[in-house]
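Residues per chain, in single letters:
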Amino acid sequence: MSIDVNKVVWERTYDIHRVKDLSFLETCDPAIRDFYGLWDNARNEEGIVLKSSFLPEDMGALLSSVFIIDREPENGDYRYKLVGSNEILFRKTNPTGKLVKDGHVGTISDALTNYDYVFQEKSHLFMLCNIYKSEQYVVTDETLFLPVSNDGDVIDYCYGLGVQKLGGQNSDDISVSKRLIFDINL
């Protein structure tokens, strides 16, 4: 099925569902499941993932959808350390090096809620968000946020992976190229 997404009338929306347990693994996109598996396999005896054991170069095809956030020790601000090419297309800008408050998707309070949880709880967070909708379609964003540490104690990074999909309002998901989704003019 071919859809010209630029001929659809889109409305921006933020319908967010956060999942703090592992139930998301049953229904999430396979790329999210693979990303979680890499992170889970890298955990040490204490359940913490060290940066030295969870390297971007080991993420293969997933890397284009990965972003890495670090926290500035002086003031606690979050900054985009690395942003993959699919995430840049989705955002229509490259936030690498920018503070989260200057380059986030959605509302700043939602972005900070996600990162605060990961850094403070030292735990994963899965988010499903309907970000655009029309009469027939909905664009969803599945994002997995994962804590990573330099020393095994303090969380220094949040590694994230985002997958955006176009689906029907009353049907199964319709797979379309990510490039089409990112070209939506709102």
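Here the structure is a predicted model, which means the values were calculated and not measured.

Colleague: Hey, could you run me through the side chain of Thr143 in this one?
Modeller: Structurally, the position occupied by Thr143 is in strand β5 (residues 137-149). Within polar-contact distance, the side chain of Thr143 engages the side chain of Asp141 at 3.3 Å. Those residues within four positions of Thr143 in sequence are excluded, and the remaining contacts are Ile32, Phe67, Leu125, Phe126, Met127, Leu161 and Gly162.

Colleague: Can you help me understand the confidence of the model for the chain in this one?
Modeller: Any region with low pLDDT has predicted coordinates that should not be read closely. Summary statistics for the chain give a mean pLDDT of 82 and a share of 77% for residues scoring 70 or more. The spread of mean pLDDT over the elements of the chain runs between helix α5 (residues 178-182), the lowest at 42, and helix α1 (residues 30-41), the highest at 96. Counted against residues more than four places away or in other chains, residues 170-186, with its pLDDT under 50, gives 38 contacts.

Colleague: Could you clarify how one ought to interpret the pattern of salt bridges in this entry?
Modeller: For side chains bearing opposite charge, pairing can occur when the charged atoms are close. The full count for this structure, using the stated rule, is four salt bridges. Put simply, Asp110 and Arg18 hold a salt bridge, and the shortest N to O gap is 3.3 Å. Taken as a pair, Asp110 in helix α4 (residues 108-121) and Arg18 in strand β1 (residues 11-19) lie far apart in primary sequence, 92 residues in all. With a relative accessible area of 31%, Arg18 lands in the partly exposed category. Salt-bridge contacts for Glu72 lead to Arg79; the nearest nitrogen and oxygen are separated by 2.5 Å. Judged by its relative accessible area of 15%, Glu72 falls in the buried class. Residue Arg79 is classed as partly exposed on the basis of its relative accessible area of 26%.

Colleague: Looking at this model, I keep getting lost on the pairing of strand β2 (residues 66-71). Mind explaining?
Modeller: Put simply, side chains in a regular strand alternate between the two faces of the sheet. Most of β2 sits out of view: five of its six residues are buried. Pairing geometry for β2 and strand β3 (residues 78-83), over five bridges, is antiparallel. Opposite Ile69, over in β3, you have Tyr80 as the bridge partner.

Colleague: Hey, could you run me through the nonpolar core in this one?
Modeller: Generally speaking, a soluble globular protein has its nonpolar side chains buried in company with each other. Counting 22 residues, the largest nonpolar core has Ile32, Phe35, Phe54, Leu144, Tyr159 and Leu161 as its most contacted members. Where this core is concerned, the elements lending two or more residues are α1, β2, β5 and β6 (155-168). With five residues, α1 is the largest single contributor of residues to this core.

Thresholds, definitions, all that
- Residues numbered from 1 in each chain as written.
- Predicted model: local features only at pLDDT ≥ 70, side-chain atom pairs only at ≥ 80, totals over all residues.
- Heavy atoms only, no water.
- Helix = DSSP H or I, 4+ residues; strand = E, 2+ residues; numbered from the N terminus.
- Polar contact = N/O pair within 3.5 Å; in protein donor to acceptor, adjacent residues only side chain to side chain.
- Contact = heavy atoms within 4.5 Å.
- pLDDT = per-residue confidence, 0-100.
- Salt bridge = Lys/Arg side-chain N within 4 Å of Asp/Glu carboxyl O.
- Buried < 20%, exposed > 50% of the residue type's maximum accessible area, 1.4 Å probe, protein only.
- Pairing = 2+ DSSP bridges.
- Core = buried A, V, L, I, M, F, W, Y, C linked by side-chain atoms within 4.5 Å.

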